[in-house]
Amino acid sequence: ALCLIFDIRDIQDDRKNNIDTLPNKMGMSNTYHLITIALVVFVALSIIQYLRHPLAGRLAGALLTALATTWVAGYLRRHPTPKAYLALADGVMLLYAVLVLVAGI
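It should be emphasised that the depicted structure is a prediction, and the values quoted were computed from it without experimental measurement.

Draft legend 1. The arrangement of the packing of helix α5 (residues 56-78) against helix α6 (residues 82-103) in detail. Viewed as axis vectors pointing N to C, α5 and α6 meet at an angle of 175°, and their least axial separation amounts to 8 Å. With respect to α6, the axis of α5 lies roughly antiparallel. Every residue of α6 that contacts α5 at Gly-57, Arg-58, Gly-61, Ala-62, Leu-64, Thr-65, Ala-68, Thr-69, Trp-71, Val-72, Tyr-75 and Leu-76 is listed here: Ala-84, Tyr-85, Leu-88, Ala-89, Val-92, Leu-95, Tyr-96, Leu-99 and Ala-103. For the contact of α5 with α6, the per-class residue count stands at 16 nonpolar, four polar and one charged.

Quick look at the structure:
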């Protein structure tokens, strides 16, 4: 999902350089649908992992990250500024890493 968000950010540069990314081929709207699908799959896999290895902290981290990513994708769709991408999209990657580390403590 985050890779697609960054591909959306770079869509103009990719078009200029004839780089075919999913947003260029599918369009913006379909790419946002694909982000949603990817997040649903992430949540489903996180639940399956929890059922096999019941670590509530890890599941909570995954669910919180999915919610944060959903919010970030929506915000960046409305406010696609370089600072917003740097703070929010990169921040979600850091959030998940921190939550997984904290859950392991």
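Now that the structure has been shown, we can carry on.
Draft legend 2. Quick peek at the pattern of salt bridges. Counted according to the given criterion, the structure contains two salt bridges. Among the salt bridges present, the one from Arg-9 reaches Asp-10, with a minimum N-O distance of 2.9 Å. Among the salt bridges present, the one from Lys-25 reaches Asp-20, with a minimum N-O distance of 4.0 Å. Here Lys-25 matches Asp-20 in class, with each residue exposed.

Calculation notes
- Residues numbered from 1 in each chain as written.
- Predicted model: local features only at pLDDT ≥ 70, side-chain atom pairs only at ≥ 80, totals over all residues.
- Heavy atoms only, no water.
- Axes fitted to C-alpha atoms, helices over the stretch in contact; angles between N-to-C directions.
- Helix = DSSP H or I, 4+ residues; strand = E, 2+ residues; numbered from the N terminus.
- Parallel < 35°, antiparallel > 145°, perpendicular 65-115°, else oblique.
- Contact = heavy atoms within 4.5 Å.
- Nonpolar A, V, L, I, M, F, W, Y, C, P; charged D, E, K, R; others polar.
- Salt bridge = Lys/Arg side-chain N within 4 Å of Asp/Glu carboxyl O.
- Buried < 20%, exposed > 50% of the residue type's maximum accessible area, 1.4 Å probe, protein only.

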